[in-house]
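# Examining the three-dimensional arrangement
Below are the chains, spelled out letter by letter.
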Amino acid sequence: MARRLCLITGASAGIGAEFARQYAAFGWDLALTARRTERLEALAQELESAHGISAITIAEDLAKPEAVDAILAALEAKGRHVDALVNNAGYGLPGTFFNTSWEEQADFIRVLYTAPVELAHKVLPGMAERGYGRIINVASLAGYAAGSAGHTLYGSVKAAMIKFTESLNAECAATGQTDIHCTALCPGFTWSEFHDVNGTREDTNKMPKWMWMEAAPVVKAGIDAVNRGQPVVVPGSANKALATLTRILPESLGRAMVSAQSKRYRRMDT
Ligand SMILES: NC(=O)c1ccc[n+]([C@@H]2O[C@H](COP(=O)([O-])OP(=O)(O)OC[C@H]3O[C@@H](n4cnc5c(N)ncnc54)[C@H](OP(=O)(O)O)[C@@H]3O)[C@@H](O)[C@H]2O)c1
């Protein structure tokens, strides 16, 4: 019998690469996608020899409208289907809304929201037919916090990802899909290449160490949550406390706190 397969977007680095490591350790086959082919191939080879699994690599840019169909066609050509989907690819777009081009904003929405939603929409019918599926949407603690200046769409896209996942998980249960679960994973600061890519490494390194997590426990929290059917998970006790604060503080106070903190790591200079 073929092993289960997990499709992971943004698998060439950080949290996505860690998802690949953990699913490979469970003995699952992998479909790894991102833009950097060499990174994907090196990870695929490492995990194939370490765990005896099979890893397919698919180089695609999720900002391209045809990317989702191309990824699914590549899997279909190999006779494989998706048992678990990890919508993880993402980045931060520094600067203010009016100083970034519409093309940059549109690409951002596509990579962080439209493509993940499209992937979920296109793999769910097969999951329903087979009666099994797992979807982890990597959102962020920023999806809970008040909006702040700079990186304008990041918080709103992540908030939308949380709501979408909650609805989808509820729909699966309401339609009798008892073994299809969807989880929004909401990390706080996590060690990865994220802050190097968006140019905020110097500033974020000044954030207190208790605010940071390694990718491994973040990913484990996501996998454990989806397996028990939990729609949203915030990994780590510090992040959980911050998420709770965002709910209990008066809105104006929450906004003032987020605004003061985010000035320390959100770039406004582009
Ligand atoms: N690190 C944090 O503090 C943190 C906190 C909360 C949430 N998150 C979320 O966690 C997720 C993973 O981020 P990370 O921290 O692991 O960052 P990362 O180390 O920079 O990895 C980002 C991944 O996304 C891929 N990616 C970026 N743009 C892409 C595109 N246009 N098409 C396809 N793939 C693309 C990158 O691959 P290529 O460059 O090879 O395409 C890379 O594999 C993101 O959704 C992020 O918003 C991160």
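Residues numbered from 1 in each chain as written. Predicted model: local features only at pLDDT ≥ 70, side-chain atom pairs only at ≥ 80, totals over all residues. Heavy atoms only, no water.

## As for the pairing of strand E2 (residues 29–34)
For E2, the tally of buried residues reaches 6 of 6 residues, placing the bulk of the element in the interior. In E2, alternate side chains face the same way, and those of Asp 29, Ala 31 and Thr 33 on one face and Leu 30, Leu 32 and Ala 34 on the other are all buried. In the sheet, strand E1 (residues 5–9) pairs with E2 via 5 bridges, with the strands oriented parallel. By the bridge assignment, Cys 6 is partnered in E2 with Leu 30. Pairing geometry for E2 and strand E3 (residues 55–59), over 5 bridges, is parallel. Residue pairing across strands places Leu 32 opposite Thr 57, the latter belonging to E3. Viewed along the sheet, the connection from E2 through helix H2 (residues 37–51) into E3 turns out right-handed. (Buried < 20%, exposed > 50% of the residue type's maximum accessible area, 1.4 Å probe, protein only. Helix = DSSP H or I, 4+ residues; strand = E, 2+ residues; numbered from the N terminus. Pairing = 2+ DSSP bridges. Right-handed = clockwise from strand over helix to strand, strands pointing away.)

## Focus on the environment of Gln 230
You can see Gln 230 is positioned in the loop between helix H8 (215–227) and strand E7 (232–233). A residue is classified by how much of its surface remains accessible, and Gln 230, at 25% relative accessible area, is partly exposed. It is 21 Å that separates the C-alpha atoms of Gln 230 and Ala 145, two residues lying 85 residues apart in sequence. Sequence-distant contacts of Gln 230, that is, excluding residues within four places in its chain, are made with Cys 182, Thr 183 and Ala 225. (Contact = heavy atoms within 4.5 Å.)

## Section: the packing of aromatic side chains
With the rule as written, the count across this model stands at 8 aromatic pairs. Ring centres of Tyr 23 and Phe 26 lie 5.8 Å apart, and the angle between their planes is 90°; this geometry places the pair in the edge-to-face category. On the basis of relative accessibility, which here comes to 2%, the residue Tyr 23 falls in the buried class. For the ring pair Trp 28 and Tyr 132, a centre distance of 6.5 Å and an interplane angle of 50° mean the geometry is tilted. (Phe/Tyr/Trp six-rings, centres within 6.5 Å; stacked < 30°, edge-to-face > 60°.)

## What about the sheet that holds strand E4 (residues 84–87)?
Strands sit in the order E3-E2-E1-E4-E5-E6-E7 across an open sheet of 7 strands; the sheet is parallel. Edge positions in the sheet fall to E3 and E7, since each has one partner strand and no second. Where E1 meets E4, 3 bridges bridge the pair, whose relative direction is parallel. In the strand pairing of E4, Cys 6 is matched with Ala 84. Here helix H5 (residues 152–174) sits on the sheet in contact with strand E5 (133–138), strand E6 (180–185) and E7, set at roughly 160° to E6. (Axes fitted to C-alpha atoms, helices over the stretch in contact; angles between N-to-C directions.)

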